[in-house]
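Take a look at the letters that make up each chain.
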Amino acid sequence: MYKKSPWVAVCVLAFGVAVGTLQMTAVVPMLPALQRELQTSLTSASWTVTASLLSGAISIPLLSRLGDLYGRRRVAMVSLGLLVAGSVVAALATTLAGVVAGRVLQGLAAPLLPLAMGIARQEVPRDRLPTAIGVLSAMMGVGSGGGMILAGLVGGGYQALFWILAGLAAVGTGLVAVFVSEPARPAPGARPDFAGAALMAAWLVCLLLAVSKGTVWGWTSAATLGLLAGGVVLCAAWVLSARRAAAPLIELPMLLHRGTVGATVASLLLGFALFGVITTLSSVAQARLGASVLQVGLYLLPTALLMLAVSLLAGRLMRRFSASSLVAAGSSVVAVAALWLSLSHGSPAALYGAATVLGLGIGLGYAALGTMAVEHVQPAKTAAAGGVNALVRVVGSSLAGAVTAAVLSGAGAGWSFAVSAIAALVSAVFAFAQGALARTPSHVAVEAVQTAAREAV
């Protein structure tokens, strides 16, 4: 980074994180078009969303570890390059399998947030580090809302959308190459846990496939029960592998660490709630209100604008309020938006109003999640805590795609919104609980983050 102005590089990294997040939601309004053009069912078409989120969940800890070994800037550029390649593959594809393959490659951009946070911790002045982390974290929300708007502006053709994503990712790669630098650092030594990554991918695929296809195959069918049983066995094997690995994909003790468990659960459920709401809203707008893809993007415009506005205030807010209180407040607001939609989603006014409330809640929650995940752990565990938090957020989002498709086809939009409301409410409860059980004075929390910066996590 330029020593005189690290904020130039922070802005470049924020752009990269936003572009990497765009691809997660951009296909949501396109699902009906994909279903029609690829001649497949809605539950099958939903895998164009789930595949990207799933590969992102696996790549977050894997590529973050490679960043430790070979440099975060270099791995961030590779991640953006894979987003370019995946976008090109999906744009040229004419079958569901081809689009899903491209989406898997696109999902490898998910680690851009933890990679960017790692670079920021090395270079941003210590007293400004919470602001930088807040801005980078908020880009997840901005990108999520922006993806919906981008899809709307493009229209109904999925090929044009993927070409635009390829162009944005290429620009991001060039900007990182020019404006971001990283001090040379020795490789820590331990190799990435590839076996753990394979096992984790396997059990998540089994779980998500069973959930998404359960309503079609039957919840008591041999295929559904077999996938669920296989998922349990593979998950157990993954846990055993993680306990034996020298550098496991996920540090399992960090999942239940008293300083992070609240942030872990809140991140999982808030990611679920966001994707549950926007996926269901897209379906309702097109099916009940006859909205075009552009109109769906306009319905989500208040969400994206509020996310951006709140992200700009994130650093100032976190100097006055604890991260856990902001996550709890944001999750509560998301629950209100989802509950509103569960009771009233038959008019444009209801969609616009709830989307505004949703943007405020996600903006607050996403901006503070990164800090909440690390403020109560030892500096040496900051990277592990941040990696777990980013991972479970994407896992929650991928679960939302499968669960929403199942609930929509079975119980309807009202229940689908209600499930997201419950998830957001439980997220708020866990965030409040962590704030109460792990009370840390604000100066201690800031000192922990500053120490992590000195340690060059």
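Residues numbered from 1 in each chain as written. Predicted model: local features only at pLDDT ≥ 70, side-chain atom pairs only at ≥ 80, totals over all residues. Heavy atoms only, no water.

## Some thoughts on the overall build of the protein
Across its full length, the protein carries 21 helices and zero strands. Sequence-distant contacts in the protein: of pairs separated by 6 or more residues, those separated by 24 or more amount to 83%. Accessible surface computed for the protein: about 16800 Å², of which carbon and sulfur atoms make up 69%. (Helix = DSSP H or I, 4+ residues; strand = E, 2+ residues; numbered from the N terminus. Contact = heavy atoms within 4.5 Å. Areas by Shrake-Rupley, 256 points an atom, 1.4 Å probe, with all protein chains shown as cover.)

## As for the packing of helix α10 (residues 194-217) against helix α11 (residues 222-244)
When two helices pack together, their arrangement is given by the angle between the helix axes and the distance between those axes. For the pair α10 and α11, the least separation of the axes is 8 Å and the interaxial angle reads 160°. When the axis of α10 is compared with that of α11, the two are roughly antiparallel. Classified by chirality, the crossing of α11 by α10 is left-handed. Of α11, the residues touching α10 (which contributes G196, L199, M200, A202, W203, C206, L207, L209, A210, G214 and W217) are A223, T224, L227, L228, G230, G231, L234, C235, A237, W238 and S241. For the contact of α10 with α11, the class distribution of residues is 16 nonpolar, six polar and no charged. (Axes fitted to C-alpha atoms, helices over the stretch in contact; angles between N-to-C directions. Parallel < 35°, antiparallel > 145°, perpendicular 65-115°, else oblique. Left-handed = near helix turned anticlockwise from the far one by under 90°. Nonpolar A, V, L, I, M, F, W, Y, C, P; charged D, E, K, R; others polar.)

## A closer look at the nonpolar core
Of all hydrophobic cores here, the largest spans 131 residues; its most connected members are L136, F162, M200, L274, L358 and I362. When residues of this core are assigned to their parent elements, the largest contribution, 13 residues, is made by helix α13 (residues 261-287). The contact partners of L136, leaving out residues within four places of it in the chain, are V10, L13, A14, V17, L113, A116, M117 and A120. (Core = buried A, V, L, I, M, F, W, Y, C linked by side-chain atoms within 4.5 Å. Buried < 20%, exposed > 50% of the residue type's maximum accessible area, 1.4 Å probe, protein only.)

## Notes on the environment of A287
Along the chain, the position of A287 falls in helix α13. Using a relative accessible area of 64% as the deciding quantity, one classes A287 as exposed. For the pair A287 and P32, spaced 255 residues apart in sequence, the C-alpha separation works out to 9.4 Å.

## Some remarks on unusual backbone geometry
Phi at Q39 is positive, roughly 55°, even though this residue is not glycine. Examined against the element boundaries, Q39 turns out to sit in the loop between α2 (31-37) and α3 (42-45). The exposed category is assigned to Q39, whose relative accessible area is 74%.

## Looking at the packing of α13 against helix α20 (residues 413-437)
Contact geometry for α13 and α20: axes closest at 8 Å, N-to-C directions at 160°. The angle between the axes of α13 and α20 places the two elements in the roughly antiparallel class. Crossing of α13 against α20: the hand is left-handed.

## With respect to the packing of aromatic side chains
With the rule as written, the count across this model stands at three aromatic pairs. Ring centres of Y158 and F162 lie 6.1 Å apart, and the angle between their planes is 70°; this geometry places the pair in the edge-to-face category. With a gap of four residues between them, Y158 and F162 both fall in helix α9 (residues 158-179), about one helical turn apart. Across the pair, exposure class does not vary: Y158 and F162 are buried alike. Between W203 and W238, the aromatic rings sit 5.8 Å apart at their centres with planes inclined by 45°, giving tilted as the arrangement. Of the two residues, W203 is situated in helix α10 and W238 in helix α11; the sequence distance between them amounts to 35 residues. Of the two residues, W203 and W238, neither departs from the other in class, the shared state being buried. (Phe/Tyr/Trp six-rings, centres within 6.5 Å; stacked < 30°, edge-to-face > 60°.)

## Quick look at a nonpolar patch on the surface
On the surface, L153, L294, L298, L301, L305 and Y352 cluster together into a nonpolar patch covering about 530 Å² of accessible area. Elements with a minimum of two residues in the nonpolar patch: α14 (293-299) and α15 (301-312). Along the chain, the position of L294 falls in helix α14. Judged by relative accessible area, L294 falls into the partly exposed class, the value being 38%. (Patch = residues over 30% accessible without salt bridge, like charges linked within 9 Å, V, L, I, M, F, W, Y side chains within 5 Å. Salt bridge = Lys/Arg side-chain N within 4 Å of Asp/Glu carboxyl O.)

## Notes on the confidence of the model for the protein
When pLDDT is averaged across the protein, the result is 81; 87% of the residues are at 70 or more. Averaged pLDDT values over the elements of the protein bottom out at 43 in helix α21 (residues 442-455) and peak at 94 in helix α5 (residues 72-92). Across residues 440-457, where pLDDT falls below 50, the model places 31 contacts with residues more than four positions away in sequence or in other chains. (pLDDT = per-residue confidence, 0-100.)

## Observations regarding helix α4 (residues 47-70)
Along an α-helix, residues three or four apart share an orientation, since each turn contains 3.6 residues. The end-to-end C-alpha distance of α4, which contains 24 residues, comes to 32 Å, matching closely the 34 Å that a straight helix rising 1.5 Å per residue would cover. Among the 24 residues that make up α4, 23 are buried, leaving the element largely enclosed by the rest of the structure. Directly beyond the C-terminal end of α4, a positive phi value near 110° is found at G71. (Expected span 1.5 Å × (residues − 1).)

## Notes on the side chain of R393
If you trace the backbone, R393 turns up in helix α19 (residues 382-410). Of the polar contacts made by the side chain of R393, one reaches the side chain of S267; its length is 3.5 Å. Look past the residues within four positions of R393 in its chain and what remains in contact with it is L113, S137, M140, S267, L268, G271, Y366, L369 and G370. (Polar contact = N/O pair within 3.5 Å; in protein donor to acceptor, adjacent residues only side chain to side chain.)

## A few points about the environment of L249
Checked against the element boundaries, L249 lands in the loop between α11 and α12 (252-255). Measuring from C-alpha to C-alpha, the distance between L249 and I60 comes to 9.3 Å, with 189 residues separating the pair along the chain. Beyond its immediate sequence surroundings of up to four residues, L249 is in contact with I58, P61, L62, D193, G196, A197, M200 and W238.

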